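# Observations on the three-dimensional arrangement
Here is how the chains run, residue by residue.
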Amino acid sequence: MATVELRFSALPEHVRTARLVAAAVARRAGVDESVLDEVRLAVGEACSRAVGLHQRGGVTAGAVRVALTDQEKRFLIEVEDEAGPASVPDPGVDEDADEDTLGLAVITGLVEDLEVTHGARGGVIRMSWPVSVDALAH
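Residues numbered from 1 in each chain as written. Predicted model: local features only at pLDDT ≥ 70, side-chain atom pairs only at ≥ 80, totals over all residues. Heavy atoms only, no water.

## Looking at the pairing of strand β5 (residues 123-130)
Counted residue by residue, β5 has six buried out of eight residues, so it is predominantly covered. One ladder, built from seven bridges, connects strand β3 (residues 74-80) with β5; its direction is antiparallel. Bridge pairing in β5 links Val-79 to Ile-125. When strand β4 (residues 113-118) meets β5, the two strands line up antiparallel, connected through six bridges. Considered in β5, the bridge of Asp-113 is made with Ser-128. Connecting β4 to the antiparallel partner β5 that follows it, the hairpin turn spans four residues, and Gly-122 within it adopts a positive phi of roughly 160 degrees. (Buried < 20%, exposed > 50% of the residue type's maximum accessible area, 1.4 Å probe, protein only. Helix = DSSP H or I, 4+ residues; strand = E, 2+ residues; numbered from the N terminus. Pairing = 2+ DSSP bridges.)

So, in structure tokens, the structure goes:
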């Protein structure tokens, strides 16, 4: 099981890099070409959400962590923010909460295997995709 980890300051300009790295690692792990756009979009949305949570919460010291793990039959991605309690917006209170809900809805539409959790340091979005059987044979 190989893992690539990417940590970046919670700034919008780093989201594109995270998307590109995720797509490249997913391709190398054996994720089917037809799914790579979904991987790229889901990672971009999850990272954008994490950056937004940091910015809205005024958390300037935190980072966004993206872990890309090549498991035997699945490709797992975890996007973790360090926005603290800001990573759990109060729905219906303001536009930011609606934006967060929309972002999670987009990710849900792209990923079948999705888990969203929250802790004291922030939130984690876990997503996974199957690895192509052909890729396992090589």
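## Some points on the pattern of salt bridges
Scanning all chains against the criterion turns up ten salt bridges. Measuring nitrogen to oxygen at the nearest pair gives 3.7 Å for the salt bridge that ties Asp-113 to Arg-74. Pair noted here: Asp-113 is in strand β4 and Arg-74 is in strand β3, with a separation of 39 residues, a long-range link. On the accessibility criterion, Arg-74 (27% relative accessible area) is partly exposed. Beyond isolated ion pairs, a larger network of salt bridges with shared partners links Glu-5, Arg-65, Glu-78, Glu-80, Glu-115 and Arg-126. (Salt bridge = Lys/Arg side-chain N within 4 Å of Asp/Glu carboxyl O.)

## Thoughts on the side chain of Asp-81
On the secondary structure map, Asp-81 appears in the loop between β3 and α3 (95-110). The buried charged residue Asp-81 lacks any salt bridge, with Arg-49 as its nearest oppositely charged partner at 4.3 Å. A polar contact of 3.0 Å, which involves the side chain of Asp-81, links it to the backbone nitrogen of Ala-83. (Lys, Arg positive; Asp, Glu negative; His and termini not counted. Polar contact = N/O pair within 3.5 Å; in protein donor to acceptor, adjacent residues only side chain to side chain.)

## Digging into the sheet that holds β5
What holds strands together in a sheet is hydrogen bonding between their backbones, with the strands either parallel or antiparallel. Taken in spatial order, the five strands of this open sheet run β1-β2-β3-β5-β4, and their pairing is antiparallel. Because the sheet does not close on itself, it has two edges, and the strands there are β1 (2-9) and β4. Geometrically, the sheet is characterised by an average inter-axis angle of 15 degrees between neighbouring strands, direction not taken into account. Alignment of strand β2 (residues 63-70) against β3, held across six bridges, turns out to be antiparallel. Residue pairing across strands places Arg-65 opposite Glu-80, the latter belonging to β3. (Axes fitted to C-alpha atoms, helices over the stretch in contact; angles between N-to-C directions.)

## With respect to the packing of helix α1 (residues 15-29) against helix α2 (residues 36-57)
In contact at an axis separation of 8 Å, α1 and α2 are set at 145 degrees when each is read in the N-to-C sense. In the crossing of α1 with α2, the sense of the turn from one axis to the other is right-handed. Here Val-15, Ala-18, Arg-19, Ala-22, Ala-23, Ala-26 and Arg-27 of α1 lie close against α2, whose contacting residues are Leu-36, Val-39, Arg-40, Val-43, Gly-44, Cys-47, Ser-48 and Val-51. By residue class, the composition of the contact of α1 with α2 is ten nonpolar, two polar and three charged. (Left-handed = near helix turned anticlockwise from the far one by under 90°. Contact = heavy atoms within 4.5 Å. Nonpolar A, V, L, I, M, F, W, Y, C, P; charged D, E, K, R; others polar.)

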